[in-house]
Amino acid sequence: MDGQLVDSYGRHIKSMRVSITDRCNFRCRYCMPAEGLPWLPRDEILTYEELARIVRIAALMGVDQIRLTGGEPLVRRDVPEFIRMLTAIPDLRSISLTTNGTRLPQLAGPLAAAGLTRINVSLDSLVPHKFFQITRRNALEAVLAGLAALEAYPSIHPIKINAVAMKNFTEDEVLDFAALARRKPYIVRWIEFMPLDADQIWRKEDILSGGEIRAIIEAEYGPLVPIAEAGASETARRYRFADGIGEVGFINPVSEPFCATCDRIRLTAEGGLRTCLFSQTETDLRTLLRGGADDHAIEAAIRGAVLQKELKHYINDKRFVRSTRSMSMIGG
Ligand code: SAM
Ligand code: SF4
């Protein structure tokens, strides 16, 4: 297996988001419906061995960053065991996890021991009733306890907090989150609300852009200082405060799309390979895996899918077609 994984526009694929479950213990409004959305039957979900095999094949083609996601990845059993399996794959530069944080009080230690090095914790509000309004769960304390638990494991670094930015919801707390980024070893990032909610409530008017949030912070703290991007495919615009304390970031897929430098593919929990968050099609790797395909056949399927990778999303355009899958089913 040789040769990098490159799409038809010359973009090198370096990063894979791996969804390990479609299940979740939250019901965030921008992601899932209040009720319904039946879980996939267990035998339709890839086993850890199957997932690790795909990651190993992708790593041989130059994919070197893996992010575990879901649904809520930490509701699946034995995630630390799976991370151990991944750390044994040569040439992976980073293994990270996106979580709602509720299971971190128990799992921060085992995850660190297994070799997890980076984490994103999703948190949209620091006010209990607003937190409930978004997640439909009373779990703010658990998430804050999860963040506190992480601080005992410096090998997991950085600790990033991701908040979905929504008009008439996020503004009030921008400065509280900014203060948190200054008080604690957390990098706070706001991500623009995208049309990936199961209820299809998204409207363009609901977006609070990164630029608007930055203006709120700068009115209080003065101009933020840009931090050089780590690489062309960096999704966040990063800033530090002028006095050097704290870092914030803005992920602006709607107001400033970063498709031109996108280096990502996604694997759904049931083994569908997606080349864009907004893909209308998936490549079914599970049937291949379970049908006895050898590694070369799986490699060929991945390369074939990547050659069809979309040029860009069309959220800002009449051509945009909503995905029939919610973020929890895709793996955000
Ligand atoms: N359950 C985990 C969590 O919430 O972190 C991982 C999966 S979740 C789908 C991944 C990320 O997608 C979270 O940070 C969540 O806030 C974000 N997300 C979900 N729906 C979104 C939407 N419609 N627009 C923007 N971000 C969204
Ligand atoms: Fe669950 Fe994450 Fe979706 Fe919220 S955003 S419902 S925590 S998968």
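In what follows, the accompanying structure is described.

1. Regarding the overall build of the protein chain
The helix and strand tally for the protein chain stands at ten helices and twelve strands. Relative to its length of 332 residues, the protein chain is compact, with a C-alpha radius of gyration of 19 Å against a globular reference of 20 Å. Over its C-alpha atoms, taken along the principal directions, the protein chain stretches across nearly 60 × 45 × 40 Å. Counting across all 332 residues of the protein chain, residues that qualify as buried make up 53%. Carbon and sulfur atoms make up 52% of the accessible area of the protein chain, which totals about 14300 Å². Here the protein chain carries 43 positive and 42 negative side-chain charges, and the mean point of each set is 0 Å from the other.

2. Side note on the packing of helix α2 (residues 79-87) against helix α3 (residues 104-114)
It is the contact of α2 with α3, at a shortest axis distance of 8 Å, that shows an interaxial angle of 15°. The angle between α2 and α3 places the two elements in the roughly parallel class. α2 and α3 meet at a crossing whose hand is right-handed. Touching V79, P80, I83, R84 and T87 of α2 are L107, P110, L111, A113 and A114, all from α3.

3. Regarding the site of ligand 2
By nearness alone, every residue bordering ligand 2 is listed as C24, F26, C28, Y30, C31, M32, G71, N100 and S328. Grouping the amino acids of the shell around ligand 2 by side-chain chemistry returns six nonpolar, three polar and no charged.

4. Describing unusual backbone geometry
Among all residues save glycine, negative phi is the norm, and among peptide bonds the norm is trans. Cis geometry marks the peptide bond from H157 to P158; its omega dihedral reads 0°. One can find P158 in the loop between α5 (140-150) and β5 (159-165). With a phi close to 60°, L37 is a non-glycine residue in the positive phi region. Assignment of secondary structure puts L37 in the loop between β1 (15-19) and α1 (48-60). Of note, N168 is a non-glycine position whose phi angle comes to about 65°, a positive value. Residue N168 is classed as exposed on the basis of its relative accessible area, which comes to 74%.

5. Overview of the state of the cysteines
Enumeration according to the criterion identifies zero disulfides in this entry. You can see C259 has no disulfide; the closest cysteine sulfur is in C276, sitting 6.4 Å from it. Classification of C259 by relative accessible area gives buried; the value is 15%.

6. Points about α5
Each full turn of the α-helix corresponds to 3.6 residues, which orients residues three or four apart in the same direction. Within the span of α5, buried status applies to L140, V143, G146, L147 and L150. Axial view of α5: buried residues confined to an arc of 125°, hence all on one face. Residues of α5 that are buried sit in contact with α3, β4 (118-122), α4 (128-135), β5 and β6 (186-192).

Reading the values: the criteria
Residue positions are counted from 1 within each chain, in the order its sequence is given. Each chain is given a letter, starting from A, and each ligand a number, starting from 1, according to the order in which they appear as written. Local features in this predicted model are restricted to residues whose pLDDT is 70 or higher, and side-chain atom pairs enter the listing and the counts only when it is 80 or higher, whereas totals over whole chains, interfaces and linings include all residues. Water and hydrogen atoms play no part in the side-chain values, which are based on all heavy atoms of the structure. Comment: elements are numbered from the N terminus, with helices defined as DSSP H or I runs of at least four residues and strands as E runs of at least two. Every radius of gyration here is taken over C-alpha atoms, with the globule rule written as 2.2 Å times N^0.38, N being the number of residues. Only protein chains enter the accessibility calculation, which uses a 1.4 Å probe. A residue is then buried if its area is under 20% of the maximum for its type, exposed if over 50%, and partly exposed in between. Computed with the Shrake-Rupley method and a 1.4 Å probe, the accessible areas treat only the protein chains shown as cover for residues. Charge counting treats Lys and Arg as positive and Asp and Glu as negative, with His and both chain ends excluded. Think of each charge as sitting on NZ of Lys, CZ of Arg, CG of Asp or CD of Glu. Inter-axis angles, ranging from 0 to 180 degrees, are taken between N-to-C directions of lines fitted to C-alpha atoms, where helices are fitted over the stretch in contact. Orientation is classified from the angle alone, with under 35 degrees giving roughly parallel, over 145 giving roughly antiparallel, 65 to 115 giving roughly perpendicular, and any other angle giving oblique. A crossing counts as left-handed when the near helix is turned anticlockwise from the far one by less than a right angle, and as right-handed when that turn is clockwise. Contacts: residue pairs with any heavy atoms within 4.5 Å of one another. Here a residue is considered near a molecule or strand provided that any single heavy atom belonging to it is located within 4 Å of it. Residue type decides the class: Asp, Glu, Lys and Arg count as charged, Ala, Val, Leu, Ile, Met, Phe, Trp, Tyr, Cys and Pro as nonpolar, and the leftover types, Gly among them, as polar. Cysteine sulfur atoms that pair up within 2.5 Å are treated as a disulfide. In this description, one arc is meant: the one made by directions from the helix axis to the C-beta atoms.

This is a description of form; function is not addressed.
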